[in-house]
Amino acid sequence: MPTSKPRVIVTRKLPDAAETRMMELFDTKLNIDDTKMNREQLAQAMAEADVLVPTVTDAIDADLISKAGERLKLIANFGNGTDNIDIKAAMDRGITVTNTPKVLTEDTADMIMAMMLAVPRRLVEGARVMMSDEGWEGWAPSWMLGNRIYGKRLGIIGMGRIGSAVARRARAFGLAIHYHNPKPVHPELEEELEATYWDSLDQMLARMDIISINCPYTPATFHLLHERRIKLLQRGAYVVNAARGEIIQEAALIDALETGAIAGAALDVFEHEPAVSPRFRALAEKGKVLMLPHMGSATVEGRNEMGDKVIINIRTFFDGHRPPDRVLPRRD
């Protein structure tokens, strides 16, 4: 039977509330068992859908977009970042791309603050002791010593929504806020955070105790923290990354950690994820690295709000209006 509802294909399992509403509103095909689609399956979905709802794990490149069916008019990404989609290629084909911004800011900032505390204070190592067969032998004055973060300097790379939310949390923990951005933030925000702006990333890196990477991943930020810049970091510095793994040159970071050139790192994202370097795993065993499985935004509330945004973008588009979260190609 013909349907006037747009054909929507979802590449991964979404929250039940979002999937139920999509089934009510659209001609929806769900991914019930949450198996990641391969390239051929993505191509097939793009050939028959009016709307594709991918996630960060789906690489929608120019070649796939060039072979998309004529009916594909919207790619409604379930996620804030859109580096998994060739936005320009989509626009050239007349395909609109949307994302789900603003709903993950607080969740991600919470996780970054937790990561910032975990490595200097050796929280994972302590938890591991309590779970080990040997058990805990009791308190000792010189055992499991970490480093205080109160009074330290935090250098934020990218003072957008998430960077600003991290800064507010860090201020409450007594950290001095420094940041590098394409341009200074509004004076009122800078005054609120008592933040110091650095035009030179190199100059900031050389003076910070903790570096938090919060910028988007673009061609301009690929390996932004490369070998030369990592060598600028102080010996007692920590690196925290919950943005994108490609922003750090992982091999250079691993070298710095293995040689003790820096104190530690907390990573929620990786350059070749889901693959993780065995060298990182070895460093994690020694307490030099905290590794998390890309869970910075993983809250029930956040995922439900992402689903709501996807639905709003689809409905707005097919009502003939510009969707509120349309993404345009970057001008780097």
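Looking at an unreviewed UniProt entry, one finds the chain named 2-hydroxyacid dehydrogenase and attributed to Pseudahrensia aquimaris. Taken from UniProt, the Sequence similarities (unreviewed entry) comment for the chain reads in full: "Belongs to the D-isomer specific 2-hydroxyacid dehydrogenase family."

Participant: A description of the UniProt feature "domain: D-isomer specific 2-hydroxyacid dehydrogenase NAD-binding" (unreviewed entry) in the chain should follow, citing residues and the corresponding values.
Facilitator: Here the UniProt-annotated "domain: D-isomer specific 2-hydroxyacid dehydrogenase NAD-binding" (unreviewed entry) positions come out as residues 113–296. As annotated, residues 113–296 comprises 33% helix and 15% strand, and the C-alpha atoms at either end are separated by 10 Å.

Participant: Describe the pattern of salt bridges, with residues and values.
Facilitator: Using the criterion set out here, one finds 24 salt bridges in the structure. Taking the shortest distance from any N to any O, the salt bridge between D61 and R39 comes out at 3.0 Å. On the criterion of sequence distance, the pair formed by D61 in the loop between β3 (51–53) and α3 (62–66) and R39 in helix α2 (residues 39–48) is long-range, its members being 22 residues apart. A relative accessible area of 27% places D61 in the partly exposed class. Close ionic contact of D50 with R71 constitutes a salt bridge, the shortest N to O distance being 3.0 Å. Here D50 is found in the loop between α2 and β3, whereas its partner R71 is found in the loop between α3 and β4 (74–76), with 21 residues between them in sequence. Counted as one network, the salt bridges with shared partners bring together R39, D61, D63 and K67.

Participant: Help me get a handle on the sheet that holds strand β10 (residues 238–241), residues and values and all.
Facilitator: Sheet architecture is open: 7 strands sit in the order β8-β7-β6-β9-β10-β11-β12, paired in parallel fashion. In this open sheet, the two edge strands, each paired with only one partner strand, are β8 (196–197) and β12 (289–291). Pairing geometry for β10 and strand β11 (residues 264–267), over 4 bridges, is parallel. Across the sheet, V240 pairs through a bridge with A266, a residue of β11. Of the strands in this sheet, β10, β11 and β12 touch helix α11 (residues 250–258), which is tilted by about 140° from β11.

Participant: Which residues make up the pairing of strand β6 (residues 153–157), and what values do they have?
Facilitator: Along any regular strand the residues' side chains alternate between the sheet's two faces. The buried count for β6 comes to 4 of 5 residues, which makes it a mostly enclosed element. Bridge analysis of β6 against strand β7 (residues 176–180) gives 5 bridges, and the strand direction is parallel. Counted as the bridge partner of I157 is H180 from β7. Read from β6 through helix α7 (residues 161–172) to β7, the crossover connection turns out right-handed. Judged from the 4 bridges that link them, β6 and strand β9 (residues 210–213) form a sheet pairing that is parallel. Its bridge partner lying in β9, I157 is registered against I213.

Participant: Tell me about the packing of helix α5 (residues 105–118) against α7, residues and numbers included.
Facilitator: Between α5 and α7, the least distance of the axes is 9 Å, while the angle of their chain directions is 50°. Considering their axes alone, α5 and α7 lie oblique with respect to each other. The handedness of the crossing between α5 and α7 comes out as right-handed. Within the contact between the two elements, α5 uses T105, E106, T108, A109, D110, I112, M113 and M116 and α7 uses R161, I162, A165, V166, R169 and A170. Taken together, the residues of the contact of α5 with α7 sort by class into 8 nonpolar, 2 polar and 4 charged.

Participant: Can you lay out the packing of aromatic side chains for me, pointing to particular residues and giving the numbers?
Facilitator: Describing an aromatic ring pair means giving the distance of the ring centres and the angle of the ring planes. What the rule picks out here adds up to 3 aromatic pairs. For the pair Y179 and Y197, a centre-to-centre distance of 5.2 Å together with 50° between the ring planes defines the contact as tilted. Here Y179, found in strand β7, pairs with Y197, found in strand β8; they are 18 residues apart in sequence, far enough to count as distant. Looking at Y197, the relative accessible area reads 23%, which means it is partly exposed. Aromatic side chains F270 and F280 sit 6.0 Å apart centroid to centroid with 70° between the ring planes, which places their arrangement in the edge-to-face category. Of this pair, F270 sits in the loop between β11 and α12 (278–285) while F280 sits in helix α12; the two residues are 10 residues apart in sequence, bridging distant segments of the chain. Take F270: its relative accessible area is 6%, and that puts it in the buried class.

Rules used in this analysis
Residues numbered from 1 in each chain as written. Predicted model: local features only at pLDDT ≥ 70, side-chain atom pairs only at ≥ 80, totals over all residues. Heavy atoms only, no water. UniProt positions renumbered as here; feature names shortened; annotations may be inferred. Helix = DSSP H or I, 4+ residues; strand = E, 2+ residues; numbered from the N terminus. Salt bridge = Lys/Arg side-chain N within 4 Å of Asp/Glu carboxyl O. Buried < 20%, exposed > 50% of the residue type's maximum accessible area, 1.4 Å probe, protein only. Pairing = 2+ DSSP bridges. Contact = heavy atoms within 4.5 Å. Axes fitted to C-alpha atoms, helices over the stretch in contact; angles between N-to-C directions. Right-handed = clockwise from strand over helix to strand, strands pointing away. Parallel < 35°, antiparallel > 145°, perpendicular 65-115°, else oblique. Left-handed = near helix turned anticlockwise from the far one by under 90°. Nonpolar A, V, L, I, M, F, W, Y, C, P; charged D, E, K, R; others polar. Phe/Tyr/Trp six-rings, centres within 6.5 Å; stacked < 30°, edge-to-face > 60°.

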